[in-house]
Amino acid sequence: MPKPPPPPLTIGVDIGGTHVRLLLVADDGQVVNRAHLPAIAGDPTEVVRPVSVQVNRWRGAYPHIFRLGVACAGWVDADGRRVHQSPNLGWHDVRLADLLETLCRLPVRVENDVNAALLGEHAAGAALGQRNCVAVFLGTGVGGGVITDGHLMRGAKGAAAEVGHHVLDPNGPLCTCGRHGCWEAYSGGAGMVNRAREAIAAGEKSSLASLPAVTTAEIMAAATAGDALAKRIWGEACRRSIQGMVNLAVLFDPEVMVVGGGVVAANPTLLACIKDGMDQEPPFAGLTDVHLVPAALGDDAAALGVALTTGV
Ligand SMILES: [Zn+2]
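Residues numbered from 1 in each chain as written. Predicted model: local features only at pLDDT ≥ 70, side-chain atom pairs only at ≥ 80, totals over all residues.

1. Re the overall build of the protein chain
What the protein chain contains, in helices and strands, is 10 helices and 13 strands. A compact globule built from 312 residues would reach a C-alpha radius of gyration of about 20 Å, and the protein chain, at 20 Å, matches this within 12%. Its C-alpha atoms put the protein chain at 75 × 45 × 35 Å along the principal axes. For the protein chain, the proportion of its 312 residues judged to be buried stands at 44%. A separation of at least 24 residues holds for 59% of the contacts in the protein chain among residues at least 6 apart in sequence. (Helix = DSSP H or I, 4+ residues; strand = E, 2+ residues; numbered from the N terminus. Rg over C-alpha atoms; globule rule 2.2 N^0.38 Å. Buried ≥ 20, exposed ≤ 12 C-beta atoms within 10 Å, placed from the backbone. Contact = placed C-beta atoms within 7 Å.)

2. With respect to unusual backbone geometry
For Asp149, which is not glycine, the phi torsion reads 50° and is therefore positive. Examined against the element boundaries, Asp149 turns out to sit in the loop between β10 (142-148) and β11 (151-152).

3. A word on the sheet that holds strand β5 (residues 75-76)
One key point about sheets: their strands pair by backbone hydrogen bonds, in either a parallel or an antiparallel sense. Strand order across the open sheet formed by 3 strands is β5-β6-β7, with antiparallel pairing between neighbours. The open sheet is flanked by β5 and β7 (91-94), the only strands paired with a single partner. Sheet analysis places β5 next to strand β6 (residues 83-86), joined by 2 bridges and oriented antiparallel. Bridge pairing links Trp75 to Gln85 in β6. (Pairing = 2+ DSSP bridges.)

4. Focus: the pairing of strand β9 (residues 133-138)
β9 sits mainly inside the fold: 6 of its 6 residues count as buried. Burial of the side chains of β9 extends over both faces: Cys133, Ala135 and Phe137 are buried on one face and Val134, Val136 and Leu138 on the other. Of the strand pairs in this sheet, β9 and β10 are connected by 6 bridges, and their pairing is antiparallel. Considered in β10, the bridge of Phe137 is made with Gly143. Hairpin connection, β9 to β10: the antiparallel pair is bridged by 3 residues. Where β9 lies against strand β12 (residues 256-260), 5 bridges are found, and the strand directions are parallel. Across the sheet, the residue bridging to Cys133 is Val256, located in β12.

5. Focus: the environment of Leu99
The residue Leu99 is located in helix α2 (residues 96-104) in this model. Given 20 C-beta atoms within 10 Å, Leu99 falls into the buried group. When sequence neighbours within four positions are dropped, the list of residues in contact with Leu99 reads Pro44, Thr45 and Val48.

6. Focus: the domain arrangement of the protein chain
Each assigned domain of the protein chain is listed with its residue range as follows: domain 1 (9-119 + 300-309) and domain 2 (128-295). A straight line from the C-alpha centre of domain 1 to that of domain 2 covers 27 Å. Taken together, the 11 residues of domain 1 in the interface contact 14 residues of domain 2. Of all the secondary-structure elements, those providing two or more residues to the side of domain 1 that touches domain 2 are β5 and α3 (113-124). Here the side of domain 1 that touches domain 2 takes 5 residues from α3, the largest share from any one element. Of the residues in the side of domain 1 that touches domain 2, the class split is 8 nonpolar, 2 polar and 1 charged. (Domains from an automatic or database assignment. Nonpolar A, V, L, I, M, F, W, Y, C, P; charged D, E, K, R; others polar.)

7. Observations regarding the environment of Leu138
Turning to its location among the elements, Leu138 is positioned in strand β9. Residue class for Leu138 comes out buried when judged on the 30 C-beta atoms lying within 10 Å of it. In the structure, Leu138 is positioned 125 residues away from Val263 in sequence and 5.6 Å away in space, judged by C-alpha atoms. Those residues in contact with Leu138 that sit more than four places away from it in its chain are Ser187, Gly188, Ser241, Gly261, Val263 and Val264.

8. Focus on helix α5 (residues 189-201)
Here α5 contains 13 residues, and its C-alpha end-to-end distance of 18 Å stays within 8% of the 18 Å for a straight helix at 1.5 Å per residue. Lining the buried residues of α5 we find α4 (183-187), α6 (216-224), α7 (228-252) and α8 (262-266). (Expected span 1.5 Å × (residues − 1).)

9. Description of the packing of α6 against α7
Where α6 contacts α7, the axes come no closer than 7 Å and their chain directions differ by 110°. As summarised for this structure, α6 and α7 are arranged roughly perpendicular, according to the angle between their axes. In the crossing of α6 with α7, the sense of the turn from one axis to the other is left-handed. Counting all contacts with α6, which are made through Ile219, Met220, Ala222 and Ala223, the residues of α7 involved are Ala230, Lys231, Ile233 and Trp234. Residue classes in the contact of α6 with α7 are distributed as 7 nonpolar, no polar and 1 charged. (Axes fitted to C-alpha atoms, helices over the stretch in contact; angles between N-to-C directions. Parallel < 35°, antiparallel > 145°, perpendicular 65-115°, else oblique. Left-handed = near helix turned anticlockwise from the far one by under 90°.)

10. Concerning the nonpolar core
If you look at the biggest cluster of nonpolar residues, it comprises 92 residues, and the most contacted ones within it are Val13, Val70, Val136, Ile219 and Val258. No other element matches α7, which puts 9 residues into this core. The residues contacting Val136, other than those within four sequence positions of it, are Val142, Gly144, Val163, Met245, Met257 and Val259. (Core = buried A, V, L, I, M, F, W, Y, C linked by C-beta atoms within 7 Å.)

As structure tokens, then:
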């Protein structure tokens with residue numbers, strides 16, 4: 001009897017500002033192999049060339065690789081072909097799928113990295129089996145994604161569900177997007193650091209003032225140690241996260257809300273703070289019976305997400 005063919009494999013690539021991660025994944029979600037490459041800022045062809053070398057190396061060893069999914073920070077078009085803008089990578093209007101298809105001779109789909117991480121959590125992580133879920137990742141910024149009735153919301157231009165840029169207070173601090181009072185300006189790591197710097201520059205006393213450079217971790221540590229400015233910034237980050245999560249629950253009526261990202265990983269009390277705050281809200285419509293869960297896949301989420309969903 002002839003031997004059955006080996007199972008088909010997909011490669012998921014996560015191109016970030018500080019890392020390039022490649023996973024070789026079976027259809028059941030098993031990671032068969034993995035590779036890490038140093039991030040290279042600048043010319044997209046210089047970034048994708050080492051990726052294509054690794055992909056072609058794996059193709060020599062595993063003949064049943066049949067597609068490639070790429071997660072990339074920034075605004076990716078809804079067709080999964082082009083990166084309109086990626087401030088992290090310094091890219092504008094990059095035809096990333098075309099570039100990689102030429103170099104790797106495989107069909108390629110590109111996905112925004114946060115959407116990819118949600119797809120990963122939905123396919124094999126904290127939101128497995130749910131039809132309606134929202135993911136929020138609190139890191140340098142606040143990213144998120146929405147799956148509704150089993151489908152990822154991409155929007156007309158691929159720019160849907162920029163949850164970090166929904167305005168919580170139009171009189172709030174200036175955000176990187178040019179508007180005021182976005183969730184990200186309060187609860188993203190960069191926003192917290194900016195607020196600390198501004199208060200110190202305005203003369204507020206704080207233990208943070210003696211540091212050569214303030215980081216999110218130092219704000220959290222100073223808040224724990226009782227520093228008044230750090231407590232205020234961290235407390236506001238928590239309160240605004242409750243407000244943002246409540247808004248998303250009311251808008252999308254999810255079964256599960258997944259919360260992840262570097263800020264949550266560094267300080268898990270944030271998740272408990274959000275949960276307590278949401279529990280105190282009146283039991284209105286979509287807010288009832290929402291399960292708040294930590295992200296389960298860590299740094300693999302985006303690469304796994306594009307690997308498992310790029311053909312559908
Ligand atoms: Zn904004």
